[in-house]
Amino acid sequence: IVTQSRYVYDFAEGSRDMRELLGGKGANIAEMTRVLGPELVPAGFTISTQACVAFMRDDRTEPAGLAAQVADGIARLESRAGRLLGDSADPLLVSVRSGARDSMPGMLETILDLGLNDESVLGLAASTGNERLAWDSYRRFVQMFGNVVSGVPGARFEEILLAARRRAGVREDRELGIDALKDVTRRFRTLYEAHTGDPFPQDPQQQLRLAIAAVFDSWLGDRAVQYRRINHIPDDWGTAVNVQQMVFGNRGAGSATGVAFSRDEITGAPDPSGDFLLDAQGEDVVSGVRTPRPLHELADELPEAYARLVKILRTLEQHYGDMQDVEFTVEAGRLYMLQTRSAKRPAQAAVRFAVDAVDEGLLTPARALATIDAGALDALLHPTFDPDARFEVLARGVAASPGAAKGEVVFTAEEAVTAAAQGRDVILARPFTEADDVAGFHAARGILTTEGGKASHAALVARGMGRPAVVGAGELDIDLRARVIRIGDVVVAAGERIAIDGGAGIVTRDDVPLVEPGRNARFERVLTWADEFRRLGVRANADTPADALKALEHGAEGIGLCRTEHMFMAADRQPKMRAMIMARTEAERRAALAELLPLQQQDFEGLFAAMPGRPITIRLLDPPLHEFLPDRVELAQRVQRARDEQAPELPALEQELELVLRLGEVNPMLGTRGCRLGIVHPEIYEMQIEAIMRAACASAPPPHLEIMIPLVDYDAELVELLDLVVEVGSRHGLTAGKDYLVGTMIELPRACFVADRLAVHADFFSFGTNDLTQTALGFSRDDVEAGFVPSYLERRLLDRSPFETIDEAGVGALVELAVARGRAGRADIELGICGEHGGDPDSIAFFDRVGLDYVSCSPYRLPIARVAAAQAAL
Ligand code: ADP
Ligand code: MG
Ligand code: MG
């Protein structure tokens, strides 16, 4: 015997743990049925997601056995309701509702009032004594069925309704009389027939079969596919279908339909909120045809139903231990609950709910923490546009780094620096940004680009520094020569003021008021809980004393990555750095380095003073030298111009160009950088180590210093540079292992494989997951935006960019291997991670699992990391 799969589950059988099978909506309807009792939840059954999976697999054909199981389900529903589906005297009507595992609002299809036909509409009128209800429902059914099942364009139905309203001289559909509704329904059916070539199906069983297939089909619709791509929902989950007895919010004045939140959905304040409409059905509340009324007014209209609803909201919240978002309908004064789910909420509401829930005794701190979406928390750390402000949008782009900013437009990093030094607020506008522009990021209030996405250089750096940024605002034309921004007829010249909201991706010329986030006592409490629960340490990636102070403010336990190259980029350093690179003899080079030494020493002293007693991990110079020199094409043009003008600086420029060409490598990211640079030019590292040791000796209390060697492949590399560190240290009477630690960055696959050998010489490892991802996958991280990755995401070859969330199966496996081998080489080795992934909640969960000691991320992501680390530990 072949055992047939079971596809159909009555609401009374399911529970909230069955989301995978029943979808979120079905599982929660079942749960509500148990918790609130069957009088409050219209009865029905769920066709499982497995049926949808089978339907997709078998080329959109209904799986064997489904029809019979649905027929049984309908029979059970009929006997409970005491009515037959589509009966001509007293019809049972049902809704056919989609519902995937995770909610996909508005993406999938739902059909209401199924079972109506030319006869049962009369039966419904007679049995309810409400002819208007019957015809209003029938016209809705023909409209929804025609649109969803047979693809008749929704606009065609709307045209007919519009004409009917005109003829009747009314503004809303609900003001249409019975005759008008009958006429509309007839026209709808004629439209249906003209569009499909078939008469509108009259057989309720056929209607049901077609509706179920249409809901399955909607899973494969473009809209749904796109939504899943954006929200990282797998295509193979499928949707469940809920068949549920209809209740009628369109039954006249004592009836209503609405949505409600157990607490304010924007602020999280503990008062129910929501919208409702009297005498309405289905999507009327959200569709915008009528303007819904605020929930509290329901208390005046239908006081008993309102009181009951408020009580139920509390019951559901207590039962689920989370803020709820429900759909309800009142039929002739009687309340029905049609759906409940955890409410989506902005960061401020999430924090408010968590804290209030603990104070109310609803949740323990651990459970309260689990209700927060850690990734959304950075919205709380930046000012935003005043939500009540009115303004004209100039352009939209990618919301790349949250927060709002206002200032004069500048077009270069130098201008930004100069303006900031004069105390002016500026927005740095560039087509795209590069390493050279970084000083401008510090100086600017906000960043605007016309190219790139969330992972572009501008976006990464802006987020790292906590600067608001709108990137990829492609409608704008930033003309660097004319120093203007153009859009249509509008021209914004350098010095004119604009405002951007990097959390919303908006650019405007209006002077929008900003609201400051301020220190938020509730948020601080959440973070305090997080610190109690988390096992992972949290450090910050910070290069300057200002960054370090920011990091401390956000709860850093130390610095996990200080990138010393930023110390060479500062305006007063660049010429010295160039002189060092351009030096022809070692003596010349040492002379140039000697000038940099005191500056670097000052930098380190500042850093040590900002973070007394906490670990500070300093990475020796990492990027290839050519990054400190001008762009080769630009330089070649300057040489050409100098030649044309016979300018006196020609020889110097020519020499520079020659050097740039000589230093240039075909693959600089795989070239002379990191420890390779330190080995080829030991004098650079020696200067840096000298500056670090001098600063350490000059600081009280002595710093908790960790010196990190980047891009190591071979233990011999590590040994050679370790010797250099030890030698310089000993000149200052400092001892490795006691006064400072020396470790290595693990960012090449080979380093993972030989981690046991490296560990013998290293006090710590820090996983540089950006480079490790780049080298493990062979994806250039500088080309993620422009290259093939977007089309991989588009085609679902990738769910997320591996540079945002760690590729667990690949890069993650390397990390795990290196952890195991590293500990085998040295049991007490300290293990951290300092790539972009250190601020990503999903990656943090992984790092917790594999047993790292800490994560390090940009100061502004620390609160996220603290909460995510706590969630990982719970
Ligand atoms: P969505 O997922 O788009 O919200 P739903 O399946 O929840 O779609 O249905 C949309 C609306 O249709 C619900 O909010 C509710 O107002 C109405 N509805 C669904 N089922 C019923 C029912 N059995 N009785 C009355 N109204 C219903
Ligand atoms: Mg719904
Ligand atoms: Mg690196």
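Residues numbered from 1 in each chain as written. Chains lettered and ligands numbered in written order. Predicted model: local features only at pLDDT ≥ 70, side-chain atom pairs only at ≥ 80, totals over all residues. Heavy atoms only, no water.

(A) Layout of the coordination of the magnesium ion (ligand 2). The coordination sphere of the magnesium ion (ligand 2) contains the protein donors Glu327 (OE), Glu327 (OE) and Gln339 (OE1), at a distance range of 2.1 to 2.7 Å. A residue pair is termed long-range when its members are at least 10 positions apart, and Glu327 in strand E11 (residues 324-331) and Gln339 in strand E12 (residues 334-342) qualify at 12 residues. Gln339 sits in the buried class, given a relative accessible area of 5%. (Donors = N, O, S within 2.8 Å, 3.2 Å for Na, K, Ca; no water. Helix = DSSP H or I, 4+ residues; strand = E, 2+ residues; numbered from the N terminus. Buried < 20%, exposed > 50% of the residue type's maximum accessible area, 1.4 Å probe, protein only.)

(B) How the structure looks around the domain arrangement of the chain. Each assigned domain of the chain is listed here: domain 1 (8-245), domain 2 (256-347), domain 3 (394-515) and domain 4 (535-624 + 665-873). The C-alpha-based centres of domain 1 and domain 2 are spaced at 22 Å. Of the residues lining the interface, 20 residues belong to domain 1; the matching set on domain 2 comes to 22 residues. Roughly 2,100 Å² is buried in total at the junction of domain 1 and domain 2, and carbon and sulfur atoms are behind 53% of that figure. (Domains from an automatic or database assignment. Contact = heavy atoms within 4.5 Å. Buried area = accessible area lost by both parts, 1.4 Å probe.)

(C) Structural context of the pairing of strand E16 (residues 404-410). Counted residue by residue, E16 has seven buried out of seven residues, so it is predominantly covered. Relative to strand E23 (residues 497-501), E16 runs antiparallel, the two sharing five bridges. Following the sheet pairing, Ala405 is matched in E23 by Ile500. Judged from the three bridges that link them, E16 and strand E17 (residues 426-430) form a sheet pairing that is parallel. The residue bridging Val409 from the neighbouring strand is Ile427, located in E17. Taken together, E16, helix H15 (residues 413-421) and E17 form a β-α-β motif whose crossover is right-handed. (Pairing = 2+ DSSP bridges. Right-handed = clockwise from strand over helix to strand, strands pointing away.)

(D) Layout of empty space enclosed by the protein. If you walk through the whole model with that rule in mind, you get one cavity of 30 Å³ or more. Estimated volume of the largest cavity: approximately 40 Å³. As for the largest cavity, its lining consists of Asp378, His382, Ser401, Pro402, Arg463, Gly466, Tyr860 and Arg861. Taken together, the residues of the lining of the largest cavity break down into two nonpolar, three polar and three charged. (1 Å grid on protein atoms, 1.4 Å probe; cavity = no way out; pocket = protein on both sides within 12 Å on 5 of 7 lines; lining within 4 Å. Points joined across faces, edges and corners; volume = space filled by probe spheres on them. Nonpolar A, V, L, I, M, F, W, Y, C, P; charged D, E, K, R; others polar.)

(E) Quick peek at the coordination of the magnesium ion (ligand 3). Only Glu747 (OE) and Asp771 (OD) from the protein reach the magnesium ion (ligand 3) as donors, at distances of 2.1 Å. Remark: Asp771 occurs in helix H30 (residues 769-777) and Glu747 occurs in the loop between strand E30 (740-746) and helix H28 (749-753); sequence separation between them is 24 residues. Take Asp771: its relative accessible area is 5%, and that puts it in the buried class.

(F) Representation of the packing of aromatic side chains. Within the structure shown, the criterion is met by 14 aromatic pairs. With a centroid separation of 5.9 Å and an interplanar angle of 50°, the aromatic rings of Trp135 and Tyr138 are classed as tilted. Residue Trp135 and its partner Tyr138 are located together in helix H5 (residues 131-148), separated by three residues, close to a single helical turn. Taken as a pair, Trp135 and Tyr138 share a single burial class, namely buried. Summarising the aromatic geometry, the rings of Phe385 and Phe391 are spaced 5.2 Å apart at their centres and angled 75° between planes, so their arrangement reads as edge-to-face. Assessed through its relative accessible area of 27%, Phe391 is described here as partly exposed. (Phe/Tyr/Trp six-rings, centres within 6.5 Å; stacked < 30°, edge-to-face > 60°.)

(G) A look at a positive patch on the surface. A grouping of Arg308, Lys311, Arg314 and Arg334 is seen on the molecular surface, where their side chains present a positively charged patch. Per-element accounting of the positive patch gives the leading share, three residues, to helix H12 (residues 303-320). Relative to the assigned elements, Lys311 resides in helix H12. (Patch = residues over 30% accessible without salt bridge, like charges linked within 9 Å, V, L, I, M, F, W, Y side chains within 5 Å. Areas by Shrake-Rupley, 256 points an atom, 1.4 Å probe, with all protein chains shown as cover. Salt bridge = Lys/Arg side-chain N within 4 Å of Asp/Glu carboxyl O. Lys, Arg positive; Asp, Glu negative; His and termini not counted. Charge placed at Lys NZ, Arg CZ, Asp CG, Glu CD.)

(H) Focus on the site of ligand 1. Near ligand 1 there are 15 residues, and of these Lys25, Arg97, Gln245, Glu327 and Gln339 occur at the shortest range. Lys25 is positioned with one of its side-chain polar atoms (N or O) 2.7 Å from an oxygen atom of ligand 1. For ligand 1, an oxygen atom lies 2.9 Å from a polar atom in the side chain of Thr110. In isolation ligand 1 exposes 540 Å². Once the protein is present, 91% of that is buried. Where the shell around ligand 1 is concerned, the elements lending two or more residues are strand E5 (94-100), strand E6 (110-114), strand E7 (239-245) and E12. Here the residues of the shell around ligand 1 sort into four nonpolar, seven polar and four charged. (Near = heavy atom within 4 Å. Polar contact = N/O pair within 3.5 Å; in protein donor to acceptor, adjacent residues only side chain to side chain.)

(I) Up close: a negative patch on the surface. Residues Glu414, Glu434, Asp436, Asp631 and Glu634 make up a contiguous surface patch of negative charge. Among the secondary structure elements, Asp631 is positioned in the loop between strand E28 (615-619) and helix H23 (632-644).

(J) Spotlight on the packing of helix H21 (residues 574-582) against helix H22 (residues 586-610). Across the interface, H21 lies against H22 with an axial gap of 8 Å and an inter-helix angle of 155°. Judged by the angle between their axes, H21 and H22 are roughly antiparallel. As for the relative orientation of H21 and H22, their crossing is left-handed in sense. Two secondary-structure elements touch here, H21 through Lys576, Met577, Ala579, Met580 and Ile581 and H22 through Arg589, Ala592, Leu593, Glu595, Leu596 and Leu599. (Axes fitted to C-alpha atoms, helices over the stretch in contact; angles between N-to-C directions. Parallel < 35°, antiparallel > 145°, perpendicular 65-115°, else oblique. Left-handed = near helix turned anticlockwise from the far one by under 90°.)

(K) Highlighting the side chain of Gln69. Tracing the backbone shows Gln69 in helix H3 (residues 66-81). Judged by relative accessible area, which is 15%, Gln69 ranks as buried.

(L) Molecular detail of the packing of H21 against helix H24 (residues 650-663). For the pair H21 and H24, the least separation of the axes is 11 Å and the interaxial angle reads 70°. As judged from the angle between their axes, H21 and H24 are roughly perpendicular. Counted together, Arg578, Ile581 and Met582 of H21 and Gln655, Glu656, Leu659 and Leu663 of H24 form the full contact between these two elements. Considering only residue class, the contact of H21 with H24 consists of four nonpolar, one polar and two charged.

(M) Quick look at H5. Taking 1.5 Å as the rise per residue, H5 with 18 residues should run 26 Å; its terminal C-alpha atoms sit 26 Å apart, in good agreement. Most of H5 is tucked away, with 15 of its 18 residues classed as buried. (Expected span 1.5 Å × (residues − 1).)

(N) Representation of the pairing of E5 within the structure. Along E5, seven of the seven residues are buried, which leaves the element largely enclosed by surrounding structure. Here E5 shows no split at all, with Val94, Val96, Ser98 and Ala100 on one side and Ser95, Arg97 and Gly99 on the other all buried. Where E5 lies against E6, three bridges are found, and the strand directions are antiparallel. When the bridges of E6 are listed, Val96 appears paired with Ile111. With seven bridges joining them, E5 and E7 adopt antiparallel strand pairing. The partner of Arg97 across the bridge, within E7, is Asn242.

(O) Fine view of unusual backbone geometry. Cis geometry is adopted by the peptide bond preceding Pro701, which originates at Ala700 and carries an omega value of -5°. One can find Pro701 in the loop between helix H26 (682-698) and strand E29 (704-709). Residues other than glycine seldom take positive phi values, yet Asp279 does so here, at roughly 50°. Note that Asp279 resides in the loop between strand E9 (273-278) and helix H10 (284-287). What makes Asp279 buried here is its relative accessible area of 15%. In the Ramachandran plot, Leu711 falls in the positive-phi region, its phi being about 55° despite a non-glycine side chain. Mapped onto the elements of the fold, Leu711 is located in the loop between E29 and helix H27 (715-731).

(P) View of the pattern of salt bridges. Enumeration according to the criterion identifies 70 salt bridges in this entry. Here Glu360 and Arg263 are joined by a salt bridge, their closest N and O atoms 2.8 Å apart. In this pair, Glu360 sits in the loop between helix H13 (347-359) and helix H14 (365-370) while Arg263 sits in the loop between strand E8 (256-261) and E9, placing the two residues 97 residues apart along the sequence. Its relative accessible area of 44% is what places Glu360 among the partly exposed residues. Here Arg263 falls in the buried class, since its relative accessible area comes to 3%. In this structure, Glu830 engages Arg539 in a salt bridge whose closest nitrogen and oxygen atoms are separated by 3.1 Å. Taken together, the residues span a long stretch of sequence, with Glu830 in strand E32 (residues 830-833) and Arg539 in strand E26 (residues 537-541) at a distance of 291 residues. By relative accessible area, which is 6% here, Arg539 ends up buried.

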